[in-house]
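# An overview of the molecular structure
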Amino acid sequence: MSGKNFKSNKPLDTISQNKQTKASTELKQPEKPIKKKSNSDYLRLDIYGYKDYLSTIAGFRKMSITKYIQGLIDIDMEQNKEIYRKIKDI
């Protein structure tokens, strides 16, 4: 009759090794403060007739509709910056 060798089985060592392995595999993300925009920062846009186009083109460019529209506005702002400055100076 052969008995089990309990000297080589150290459960506390196994638990300790598992905790170390788990701790080393977990990635710690730096905490970023969540910046919530107020409702006054949002506009409601009527995009009736443009929704399909916007979602198709934004999807093709692998970006959200919001980012796509913001990009269009950025381009327009660059093209009209002199007009904008003159209007703001009035």
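Further up the page is the structure itself.
Attention here is on the structure that accompanies the text. (Residues numbered from 1 in each chain as written. Predicted model: local features only at pLDDT ≥ 70, side-chain atom pairs only at ≥ 80, totals over all residues. Heavy atoms only, no water.)

## Examining the pattern of salt bridges
A full pass over the atoms with the stated rule returns two salt bridges. Across the pair K81 and E78 runs a salt bridge, and its minimum N-O distance is 2.8 Å. Look at K81 and you get partly exposed, because its relative accessible area is 33%. (Salt bridge = Lys/Arg side-chain N within 4 Å of Asp/Glu carboxyl O. Buried < 20%, exposed > 50% of the residue type's maximum accessible area, 1.4 Å probe, protein only.)

## Observations concerning the layout of surface pockets
By volume, the largest pocket is sized at about 430 Å³. Lining the largest pocket are K37, D41, Y42, L43, L45, I47, I65, T66, I69, Q70 and I73. In the lining of the largest pocket, the residues fall into seven nonpolar, two polar and two charged. (1 Å grid on protein atoms, 1.4 Å probe; cavity = no way out; pocket = protein on both sides within 12 Å on 5 of 7 lines; lining within 4 Å. Points joined across faces, edges and corners; volume = space filled by probe spheres on them. Nonpolar A, V, L, I, M, F, W, Y, C, P; charged D, E, K, R; others polar.)

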